[in-house]
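Report on the structure
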Amino acid sequence: MVGMSVLRSAAAFAARLSPLKSGNNAANLLSRTIPRTDKVAVRWGHGKKLFVIKPSDYYDRRFLHLLQYYVLLTGVPVAVFVTCVNVFIGEAELVETPEDYEPEHWEYYKHPITRWIARNVYDSPVKDYEKMMAAIQIEKEKADTRLTQLEVRRHMRQKGDGPWFQRPTLDKGLIDYSPKSTPDN
Amino acid sequence: MPADHDKGAYPEPPRQTPAVDKQTALPNPALILSKLFYYSVDLPVTTFRDAVDSFRANNKSVYYHQKFRRVPDLIDCQEGDYICYYEAEMQWRRDYKVDQEIVKVIQERMRACHQREGASYHQNCGKEIQQFNEVTKNFQSRYGDLGAYASGRKCLMKQKERMMAAAQAQSA
């Protein structure tokens, strides 16, 4: 019976549609068009704001921020200082050594900071060389002394007339060489 | 600025560019570009360099090349004279560094020649290539496989081995 009117069947159908899905309200139930999925206009202007759930990057960012801070704390003054030295003092030029002039040991370097370090902090290479040779000389003398000591010891032990391997005894002037009546006198 | 070469010793040939004979009223784009380059790059850089040079003018300093006296080699040292050994070792190390730099200079010459000649360097750079091969062969035979703990004694022993091998090759 068409008397069970079209309206009733339509209402039953409408009741079966889920009310939560958007587009399913009474206003556009009868008048909506079928959405064409192939011709959708996509514009990424103001998209829907999403709350992206990801692990915390607070600690990483804090670490990198602190790293940057502490590196730049001394890095920037050092960079400024080195730039000023290079701009206002500048590197040295290579010239021929003039006759009868002995350059100081720092005058063999080019950059002004290297020259300053060589002049005020380090010993001159000549002094280092002499220090090393002095150390070698001392060690050589120690080694030679040890060898001669062994040699002397060997001789004294063999011949027995040196001071090292003597044993204290009674005075040999106390020996009585006179003839005796019994063996135990 | 690094000094240019001696123009008196290597004079440039007389310029053969023809005189400008402009027959159009249109501007010359090459001239425009060169003027643009001059005002945008050349002039600022030159003024900056002149300013920096004027700052540095009061604090000019020089440095010298250090020359070392020759000392007796390891061969001329008495046995057990450790001071002599030390001085010979230091001299050997300085000579090793000098030889490394010599090889680098020869290599730089060959690379410059290669860069200049382009694709035809096999033909035109024969002298540099031959020099480089000779120098590297000699360096390899003298200092070749001594390693990081190279010393004058090890080099001397290598020389002895070389001389023994040469004597054996000669007698065989």
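The name given to chain A in an unreviewed UniProt entry is NADH dehydrogenase [ubiquinone] 1 beta subcomplex subunit 5, mitochondrial, with the source organism recorded as Larimichthys crocea. As stated in UniProt under Subcellular location (unreviewed entry), the record for chain A gives "Mitochondrion inner membrane".

1. As for the overall build of chain A
Helix and strand counts for chain A come out as four helices and one strand. When the 185 residues of chain A are sorted by exposure, 10% land in the buried category. Across chain A, the fraction of contacts at a sequence separation of at least 24, relative to all contacts at a separation of at least 6, is 13%.

2. Some thoughts on the UniProt feature "transmembrane region" (unreviewed entry) in chain A
According to UniProt, the positions carrying the feature "transmembrane region" (unreviewed entry) are residues 69-89 of chain A. For the annotated span residues 69-89 of chain A, helix accounts for 100% and strand for 0% of the residues, and the straight-line distance between the end C-alpha atoms is 30 Å.

3. Let's talk about helix α1 (residues 29-56) of chain B
Residues spaced three or four apart along an α-helix point in a common direction, a consequence of the helix completing one turn every 3.6 residues. Relative to the 40 Å expected for 28 residues at 1.5 Å per residue, α1(B) spans 39 Å between its end C-alpha atoms, a close match to the ideal helical length. The sharpest bend along α1(B) reaches about 40° and sits at B:Tyr38.

4. Comments concerning the UniProt feature "coiled-coil region" (unreviewed entry) in chain A
Listed under "coiled-coil region" (unreviewed entry) in the UniProt record, and renumbered for this structure, are residues 126-153 of chain A. A helix fraction of 100% and a strand fraction of 0% characterise residues 126-153 of chain A, whose end C-alpha atoms lie 40 Å from each other.

5. Side note on the packing of helix α4 (residues 125-159) of chain A against helix α2 (residues 82-117) of chain B
Here α4(A) crosses α2(B) at 145°, and the two axes come no closer than 9 Å. In the packing of α4(A) onto α2(B), the handedness of the crossing is right-handed. Each of A:Tyr129, A:Met132, A:Met133, A:Ile136, A:Gln137 and A:Lys140 in α4(A) lies in contact with α2(B), whose residues at this interface are B:Tyr82, B:Ile83, B:Tyr86, B:Glu87 and B:Met90. Class assignment of the residues belonging to the contact of α4(A) with α2(B) gives a composition of eight nonpolar, one polar and two charged.

Cut-offs applied
Residues numbered from 1 in each chain as written. Chains lettered and ligands numbered in written order. Predicted model: local features only at pLDDT ≥ 70, side-chain atom pairs only at ≥ 80, totals over all residues. Heavy atoms only, no water. UniProt positions renumbered as here; feature names shortened; annotations may be inferred. Helix = DSSP H or I, 4+ residues; strand = E, 2+ residues; numbered from the N terminus. Buried < 20%, exposed > 50% of the residue type's maximum accessible area, 1.4 Å probe, protein only. Contact = heavy atoms within 4.5 Å. Expected span 1.5 Å × (residues − 1). Bend = angle between axes of the 7 residues up to and from the residue. Axes fitted to C-alpha atoms, helices over the stretch in contact; angles between N-to-C directions. Left-handed = near helix turned anticlockwise from the far one by under 90°. Nonpolar A, V, L, I, M, F, W, Y, C, P; charged D, E, K, R; others polar.

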